[in-house]
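Take a look at the letters that make up each chain.
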Amino acid sequence: MLGKEEALEKIAKEVLNLTTSPLYEYRVENNYLPVFGEGSANAEIIFVGEAPGKNEAITGKPFCGRAGKMLDTLLESAGISREEVYITSIVKDRPPKNRDPKPDEIALYAPFLDKQIEIIKPKVVATLGRFSMEYIMRRYGLEGEIKTIGELHGKVFQAPNFKLVPLYHPAATVYNQRLLGTLKEDFKVLTTLD
Ligand code: URA
């Protein structure tokens, strides 16, 4: 059986070769990279964003642009180090002009996220934004509890193999400064779960 790191590398290669993706041509035309995810293969917390932005697609690293700086601030405020967690997103290629991911794109990339969760076996999945929240809730038997992110952020849900904590997307603070305090409070919840 493959170790966790090798198992992750194997599916990262599959994403790299995902020529059937509607985002593949855009990736190649722009010399972009897919953003598979990064962090500890033994992480207790996985953060799941939406899709890579431009900086992420250029570097191949998740959350390294403006939203990433905000994520770093939030992790620091909760006393969580970036190295100890795993950071990824549902859609692993940049959608043109940072538009919302389309349902067919989510459907195509989500099985890779499922595999990442299966390999890493985190205690907590923290979703960043409504797309990852809704996907994870549907996929892991919590569809009956789906409400708006305004209603569910910072709450803790029990999925079969992990706890889910829906969080606002860090980029939301760019447009709404008041959310920063809310996000800081919600990030603290992550440190109270065992
Ligand atoms: N937004 C995301 O959801 N993921 C990133 O990596 C960057 C911005």
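Residues numbered from 1 in each chain as written. Predicted model: local features only at pLDDT ≥ 70, side-chain atom pairs only at ≥ 80, totals over all residues. Heavy atoms only, no water.

Colleague: Before we go on, may I ask you to explain the packing of aromatic side chains in this structure?
Modeller: The geometry of an aromatic ring pair comes down to the distance between the two centres and the angle between the two planes. In total, this model carries 3 aromatic pairs according to the counting rule given. With centroids separated by 5.0 Å and ring planes inclined at 70°, the aromatic side chains of Tyr140 and Phe162 adopt a geometry described as edge-to-face. With Tyr140 in the loop between helix H6 (130-139) and helix H7 (149-152) and Phe162 in the loop between strand E5 (157-158) and strand E6 (163-167), this residue pair connects regions lying 22 residues apart in the sequence. Considered together, Tyr140 and Phe162 belong to a single accessibility category, that of buried residues. Stacked on the ring of Phe36, the Lys or Arg Lys92 has its end atom at 5.8 Å from the ring centre. Its guanidinium or amino end placed over the ring of Tyr140, Arg139 lies 4.8 Å from that ring's centre, counting from NZ or CZ. (Phe/Tyr/Trp six-rings, centres within 6.5 Å; stacked < 30°, edge-to-face > 60°. Helix = DSSP H or I, 4+ residues; strand = E, 2+ residues; numbered from the N terminus. Buried < 20%, exposed > 50% of the residue type's maximum accessible area, 1.4 Å probe, protein only. Lys NZ or Arg CZ within 6 Å of the ring centre and 35° of its normal.)

Colleague: Any chance you could explain the side chain of Thr88 here in plain terms?
Modeller: Mapped onto the fold, Thr88 is located in strand E3 (residues 86-89). Separated by 2.6 Å, the side chain of Thr88 and the backbone oxygen of Phe36 make a polar contact. Not counting the four nearest positions on each side in its chain, Thr88 is found in contact with Phe36, Gly37, Ile46, Phe47, Val48, Gly49, Phe63, Leu113 and Gln116. (Polar contact = N/O pair within 3.5 Å; in protein donor to acceptor, adjacent residues only side chain to side chain. Contact = heavy atoms within 4.5 Å.)

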